[in-house]
Every structure is written in C-alpha cells, then in structure tokens.
Amino acid sequence: MRGFSFAASVALLLSITALADKGLSGIAALVRTGQNGKALAEIAQLPEEQRQADRVRYLEGRLSLEEGRPCEAMVLLARSPSTLPAAIRAESTRLWAQAAAQCGACGQARPVLLSTLPLEPSDVRQDRSLAAECAVELGELQAAVKELEALTSRNRNWPRRVALLARLSDLYLELDRAEDARVAALEAWTSGAQPTHDPVVEALEPRAMPSDEDRIARAEALM
C-alpha cells in the first residue's frame, strides 16, 4: 500500500478486511502484497452475485484504475452505495472522477475533481492537475492556465511541478503569450536540474533561453 494517501489507505484496508470476512482471504492477501493483476484475475472468477457485492466492486474498480484500465474502472466505480462506509464512498467517488478523466469523460469528471471534498493536500494537487488536463480537453485553455499557475506557483517540492510547468509553457504558446511561455520553460528547466539526463527538461532549453546566470544557478543546483 506504499504511496497511497492516508484516506486511500483507510479505504483499501476496510475493503481488504471485508474480503477476508467474506471468505475471500486469498484475494485479500494478493491485494495486500500488491499483486493487483492476480487479484483482478481472481475477482473475475468469482460467482456474479459475489463479484457484484459493493465492496468487491469497489476494489475491482480501484485495482483496474491502478492497472491502467480507466474505462473499466469508471464503470465499476460509477455507483457508491450507501452500504459502503463513508471512507470508501468518498474514495470511490474520487477514483471514479480520476477514471472518467483518463477515459475521456472530462465533462463529467471535471466538476468532481474540482469539488471541495475534505482531501489531503497531495490528493488535492493530483485532482487539480487532472482537472486542468480536462480543461484542455474541453477547450477551456484559460481555465487550465489559471489552474496550472496556481499549482506551480507553490508546492515547489512536488515531483510533478516540473512536468506541469512544461505543460503550462505549451499552453502559453497556444494563447500567444510567448514571454510567459519562456518564463515557465525557464522555471521548469532550472527546477528540473537532475544528475541524470531528463529529455523533457532538456528540450525546454531553447524556449527558456537561459542566461549565463541561469546556467550557473542550475549548475549549482546540480552540485
């Protein structure tokens, strides 16, 4: 369960416990040890009535999303029955929105991703970045720019910040804001300094047009 937020971990633990209580300890063990593919295969072999149980359906949807099958996850997570604990219902709604965004249903996903659910900061950042991508897909470039500006103006230690700065730079170009595009590219190029070569970051250098001072600052960051 490494990498999950606290809320997501609580929801997963509740689901695993429920599986064990229902005699599905084998599937619970596979999920607990991160063997998502095998767990999904086992769930697929369950009798239909058992597979459609609310907690099993939630878990199958969650694992499908983690395994890169968002359209399947979207269908499985489309309902959040009142029989589920509040922690699982909230997480199910959030995961459905993530799945919908990745499956191309941005019109439905974006309002949920922008909702004011009581999320941890890391969850909020993840959802807001997906919402910004949805805004691009929906042709709402100005909205996407504002949201990416907010995300990249803070959270300087967030691993995804550099990628979002690069995305913001591209959007500035589409909106004929060349100087803003250069500044965002320069910030990404400087902030993304790593000992290993990052082709995405290095590709921004011509647009960033770094000065000698910028190059020195970047070299110092690498050191």
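How each quantity is defined
- Residues numbered from 1 in each chain as written.
- Predicted model: local features only at pLDDT ≥ 70, side-chain atom pairs only at ≥ 80, totals over all residues.
- Heavy atoms only, no water.
- Disulfide = S-S within 2.5 Å.
- Helix = DSSP H or I, 4+ residues; strand = E, 2+ residues; numbered from the N terminus.
- Buried < 20%, exposed > 50% of the residue type's maximum accessible area, 1.4 Å probe, protein only.
- Axes fitted to C-alpha atoms, helices over the stretch in contact; angles between N-to-C directions.
- Parallel < 35°, antiparallel > 145°, perpendicular 65-115°, else oblique.
- Left-handed = near helix turned anticlockwise from the far one by under 90°.
- Contact = heavy atoms within 4.5 Å.
- Nonpolar A, V, L, I, M, F, W, Y, C, P; charged D, E, K, R; others polar.

K.L.:
Before we go on, may I ask you to explain the state of the cysteines in this structure?
P.N.:
Taken as a whole and judged by the stated rule, the model has two disulfides. With its sulfur 2.0 Å from that of its partner, Cys71 forms a disulfide with Cys103. Judged by the torsion about the S-S bond (105°), the Cys71/Cys103 disulfide is right-handed. Placement of Cys71 in helix H6 (residues 70-76) and of Cys103 in helix H7 (residues 86-103) is noted, with a sequence separation of 32 residues between them. Under the relative-accessibility criterion, Cys103 is labelled partly exposed at 28%. Across a sulfur-sulfur distance of 2.4 Å, Cys106 and Cys134 are joined as a disulfide pair. On the S-S bond that ties Cys106 to Cys134, the torsion sits near -75°, and the link is left-handed. In this pair, Cys106 is assigned in helix H8 (residues 106-113) and Cys134 in helix H9 (residues 121-137), connecting sequence segments 28 residues apart. The exposure class assigned to Cys134 is buried, which follows from its relative accessible area of 1%.

K.L.:
How should I be thinking about unusual backbone geometry in this particular structure?
P.N.:
Backbone geometry follows two general trends: most residues other than glycine have a negative phi, and most peptide bonds adopt the trans configuration. Residues other than glycine seldom take positive phi values, yet Asp176 does so here, at roughly 60°. On the secondary structure map, Asp176 appears in the loop between helix H11 (161-174) and helix H12 (178-191). Phi at Met209 takes a positive value of approximately 50°, unusual for a residue other than glycine. With respect to the secondary-structure elements, Met209 resides in the loop between helix H14 (205-208) and helix H15 (212-222).

K.L.:
Even after reading the chapter, I still don't get the packing of helix H2 (residues 25-32) against helix H3 (residues 36-44), so can you show me in this structure?
P.N.:
For any two helices packed against each other, the geometry comes down to the angle between their axes and how far apart the axes lie. Remark: H2 packs on H3, axes separated minimally by 8 Å, with the N-to-C direction vectors making an angle of 160°. In terms of their interaxial angle, H2 and H3 are classed as roughly antiparallel. When you trace H2 past H3, the crossing you get is left-handed. Taken together, the residues of H3 that come into contact with H2 (itself represented by Ile27, Leu30 and Val31) are Lys38, Ala39, Glu42 and Ile43. Residues that form the contact of H2 with H3 fall into these classes: five nonpolar, no polar and two charged.

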